[in-house]
Amino acid sequence: MIRGLYTAGAGMLVNNQRMQNIDHNIENQRTPGFLEVGEHVVSFPEHLALRIDHPSGMPMAQQLGVMGTGAYITDFAYRMTPGLMRETGNATDLAINGAGFFVLDTPGGLTYTRNGHFLRDPSGFLRSVGGNPVLGVDGLPIGPVPEDFAVTTNGDVIDRTNGTVLGQLRIVALQQDTLARVGQTTMYTSGAPALELLGNDRPRIQQGMVEESNVDMAGQMVKMIETSRAFSMNQRMVQTSDQIMQRSVNEVGRIV
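First, a word on scope: everything that follows refers to the structure included in this document.

Parameters at a glance
- Residues numbered from 1 in each chain as written.
- Predicted model: local features only at pLDDT ≥ 70, side-chain atom pairs only at ≥ 80, totals over all residues.
- Heavy atoms only, no water.
- Salt bridge = Lys/Arg side-chain N within 4 Å of Asp/Glu carboxyl O.
- Helix = DSSP H or I, 4+ residues; strand = E, 2+ residues; numbered from the N terminus.
- Buried < 20%, exposed > 50% of the residue type's maximum accessible area, 1.4 Å probe, protein only.
- Phe/Tyr/Trp six-rings, centres within 6.5 Å; stacked < 30°, edge-to-face > 60°.
- Pairing = 2+ DSSP bridges.
- Axes fitted to C-alpha atoms, helices over the stretch in contact; angles between N-to-C directions.

## Considerations on the pattern of salt bridges
Then, in step 1: Tallied over the entire structure, the rule returns eight salt bridges.
Then, in step 2: The salt bridge involving Arg18 is made with Glu39; its shortest N-O contact spans 3.4 Å. Here the residue Arg18 occupies a position in helix α1 (residues 2–27), and Glu39 occupies one in strand β1 (residues 37–43), the gap between them amounting to 21 residues.
Then, in step 3: The exposure class assigned to Glu39 is buried, which follows from its relative accessible area of 15%.

## Notes on the packing of aromatic side chains
For any pair of aromatic rings, the description rests on two quantities: the centre-to-centre distance and the angle between the ring planes.
Then, in step 1: Enumeration according to the criterion identifies three aromatic pairs in this entry.
Then, in step 2: Seen from their ring centres, Tyr78 and Tyr188 are 5.3 Å apart, and the 75 degrees between their planes marks the pair as edge-to-face. With Tyr78 in strand β4 (residues 71–78) and Tyr188 in strand β16 (residues 187–190), the pair connects residues that are 110 residues apart, well separated along the chain.
Then, in step 3: Residue classification places Tyr78 among the buried positions, given a relative accessible area of 6%.
Then, in step 4: Taking the centre distance of 5.1 Å and the plane angle of 80 degrees together, the rings of Phe102 and Phe118 count as edge-to-face. Pair noted here: Phe102 is in strand β7 (residues 101–106) and Phe118 is in the loop between β8 (109–113) and β9 (119–120), with a separation of 16 residues, a long-range link. Here Phe102 matches Phe118 in class, with each residue buried.
Then, in step 5: Among the aromatic side chains, those forming a connected cluster through ring pairs are Tyr78, Phe101 and Tyr188.

## Description of the sheet that holds strand β11 (residues 149–151)
Then, in step 1: With respect to topology, three strands assemble into an open sheet ordered β11-β12-β13, the strand pairing being antiparallel. Bordering the open sheet on either side are β11 and β13 (165–168), each of which pairs with just one other strand. Taking the axes of each pair of neighbouring strands and ignoring which way they run, one obtains an average angle of 20 degrees across the sheet.
Then, in step 2: Relative to strand β12 (residues 156–159), β11 runs antiparallel, the two sharing three bridges. Counterpart to Phe149 in the pairing with β12 is Asp159.

Geometry only, nothing functional implied.
What follows is the structure in structure tokens.
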């Protein structure tokens, strides 16, 4: 009974975390560059269940099957499918049409984002909405750029007045299983080196557009129903195990 309580309790914890992730995904369905998050769930070691007293009366073990001992979340996985493009008409809004991330310079080090809703600061440098400089392929912040500038599909930042190339956006590829979110929405770090995307490997950059969240709302609603039912089943298992233990203590163990 104690094992049953722990197993069902572990299931409730897993489904509670899954529901929190679903809520977070749905809340950010309109956040540009947001990546849907999921979970890697693994089971605790399974044990072979044996029946010691054989029906024949012989002292031999009879195999009954495998007994599970619960599950837990090892880490989180981010869905890498690109979101839909939304046209804004703002020159500082940029979208990556394909795989890859913009690179930002933050006080905590380099971070990566697909949220291309950038701003031009008073000094003419491109920054994220959080105020972090957008880096170029040379590792330096992009800028200063004039008010009238263009960004080519190759990521070159050009002064429209004279055609001068002011820099090229740094775009990198990251491994899905090494991503970790920084903060609440669209900035990420990587546990593995970022791969520079150059030449033909570079995705197309779309100026005047932003990438919407890649949250699959239909999938999240289905997952919400599944998670809610699984949580309720584990909750009932905890209640049933508790009732059985209570009866065992108060009735079966009673001295007549």
